[in-house]
Amino acid sequence: MRKLYGVIGDPVGHSMSPVMHNDLFNFYGMDRQYFPFHVKPMDLEDAVKGFKAIGAAGFNVTVPHKTQIIPLLDKVDHLAEAIGAVNTVVNENGLLIGYNTDGRGFVRGLLDRLPAITEKKTLIIGAGGAAKAIYFSLAEAGLKEIDICNRTAARAEELAKGCPFAVQSAILGMEEAGKSCDQYDLIIQTTSIGMSPEIDGTPLPFSALKEGCFVSDIIYNPLETRLLSEAARLGAATQNGIDMFVYQGALAFEKWTGIFPDTARMKGNVLKQLGGSSC
């Protein structure tokens, strides 16, 4: 019997996940299908009940449902619970179990490019949901010093205080962070500033960077944001958001199937989709 998977969000038509996962199911010879489901916030509870009623094997969760879905699930993984957001759900014998593969996906993608990260002095730009998932997952991976800069200091302080893993953090204003960028080995940009169509924006202009600095921006449209362009001009190695997107999907696929998929194939598929649309 064919197993059903999907992604729920509002909107969801732009999602690249259906093509990515259906290609993997076909590649591994699995009789499974993945669909996009446009679910309004008011219909979220009914949608979750519907997935459970029809025996859907699993699904992804995207904005704006990642937090609101938590009380509707039977169980939530400890990291997802700490982050306060779920992006992957697995149906285990009729129980819906929630996970967060966003932060761990970022870490896996980062390790591909930067194998030794635990001693890297790190700055995260932003304090929203993506920043929280990445901050918690980096701390879980053993990073000892992760500073946060955000326009609202209180939000950054709340993020740091809620982390269940041991890590040292300083909270910086944007101006202060801009002046101290040359102190960091790793800089991670987690806001939407610089995303298409507002591609001229940058959250933190760089005047100087530490030699050997690595700069990662979770945006992948455009493939090179203004922030990454400036970082590269100053000699930094850079990474866009495709690796995070691919690895969060790979970790979800592994939870559904027990197979960690071919990430190079996934990345090529995503790049092909980006080349064919503006999404």
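About the criteria used
- Residues numbered from 1 in each chain as written.
- Predicted model: local features only at pLDDT ≥ 70, side-chain atom pairs only at ≥ 80, totals over all residues.
- Heavy atoms only, no water.
- Helix = DSSP H or I, 4+ residues; strand = E, 2+ residues; numbered from the N terminus.
- Contact = heavy atoms within 4.5 Å.
- Polar contact = N/O pair within 3.5 Å; in protein donor to acceptor, adjacent residues only side chain to side chain.
- Axes fitted to C-alpha atoms, helices over the stretch in contact; angles between N-to-C directions.
- Parallel < 35°, antiparallel > 145°, perpendicular 65-115°, else oblique.
- Left-handed = near helix turned anticlockwise from the far one by under 90°.
- Nonpolar A, V, L, I, M, F, W, Y, C, P; charged D, E, K, R; others polar.
- Buried < 20%, exposed > 50% of the residue type's maximum accessible area, 1.4 Å probe, protein only.
- Pairing = 2+ DSSP bridges.
- Core = buried A, V, L, I, M, F, W, Y, C linked by side-chain atoms within 4.5 Å.
- Right-handed = clockwise from strand over helix to strand, strands pointing away.

Trainee: Please set out the environment of Arg155 residue by residue, giving values where relevant.
Mentor: Secondary-structure assignment places Arg155 in helix H6 (residues 153-161). Spatially, the C-alpha atoms of Arg155 and Ala250 are 30 Å apart, while their sequence positions differ by 95 residues. Every residue in contact with Arg155, bar those within four places of it in the chain, is listed here: Ala127, Gly128 and Asn150. There is a polar contact of 3.4 Å between the side chain of Arg155 and the backbone oxygen of Ala127.

Trainee: Before we move on, could you go through the packing of helix H1 (residues 17-27) against helix H9 (residues 242-257) and cite the residues and values that matter?
Mentor: For the pair H1 and H9, interaxial distance at closest approach is 11 Å and the crossing angle is 50 degrees. If you check the angle between H1 and H9, you find them oblique. Regarding H1 and H9, the two cross each other, and that crossing is right-handed. Between H1 and H9, the contacting residues are Ser17, Met20, His21, Leu24 and Phe25 on the first element and Phe245, Gly249, Phe253, Trp256 and Thr257 on the second. Split into classes, the residues belonging to the contact of H1 with H9 amount to six nonpolar, four polar and no charged.

Trainee: Would you mind going over the pairing of strand S10 (residues 186-189) in detail, with residue names and values included?
Mentor: Because side chains alternate across S10, one face comprises the buried residues Leu186 and Ile188, and the other comprises Ile187 and Gln189, equally buried. Here four bridges tie strand S7 (residues 122-125) to S10, and the two strands are oriented parallel to one another. What sits directly across from Ile125, in S10, is Gln189.

Trainee: Summarise the sheet that holds strand S12 (residues 237-239); cite the residues concerned and give the values.
Mentor: Read from one edge to the other, the open sheet built from six strands follows the order S9-S8-S7-S10-S11-S12, with strand pairing classed as parallel. The open sheet has two edge strands, strand S9 (171-172) and S12, and neither has a second partner. Of the pairings in the sheet, the one linking S7 to strand S8 (residues 146-149) comprises four bridges and is parallel in character. From the neighbouring strand, Leu123 faces S8, where its bridge partner is Asp147. Its contacts with the sheet put helix H8 (residues 226-233) on S7, S10, strand S11 (214-217) and S12, and the angle it makes with S11 is roughly 170 degrees.

Trainee: Could you give me a rundown of the environment of Ala153, with the residues and numbers involved?
Mentor: Inspection of the secondary structure puts Ala153 in helix H6. With 19 residues separating them in the primary sequence, Ala153 and Leu172 have C-alpha atoms 7.2 Å apart.

Trainee: Account for the nonpolar core, with residues named and values stated.
Mentor: The tendency in soluble globular proteins is for nonpolar side chains to be buried as a group. Counting 28 residues, the largest nonpolar core has Phe106, Leu110, Ile124, Ile134, Tyr135 and Leu138 as its most contacted members. Broken down by secondary-structure element, the contributors of at least two residues to this core are helix H3 (78-83), helix H4 (102-113), helix H5 (129-140), S8, H6 and S10. Of all the elements, H5 adds the most residues to this core, at seven residues. Setting aside anything within four residues of it in sequence, one finds Leu110 in contact with Ile117, Leu138, Leu186, Phe214 and Gln239. Of all hydrophobic cores here, the second largest spans 23 residues; its members include Tyr34, Phe245, Val246 and Phe253.

Trainee: I'd like a rundown of the pairing of strand S2 (residues 32-38), residues and numbers included.
Mentor: Relative to S2, strand S1 (residues 3-9) runs parallel, the two sharing seven bridges. Considered in S2, the bridge of Leu4 is made with Gln33. Each parallel crossover has a hand, and for S1 linked through H1 to S2 it is right-handed.

Trainee: Let's hear about the side chain of Thr257: which residues, and what values?
Mentor: Residue position: Thr257 is located in helix H9. With a relative accessible area of 18%, Thr257 lands in the buried category. Within polar-contact distance, the side chain of Thr257 engages the backbone oxygen of Phe253 at 2.8 Å. Excluding residues that lie within four positions of it along the chain, Thr257 makes contacts with Phe25, Met30 and Arg32.

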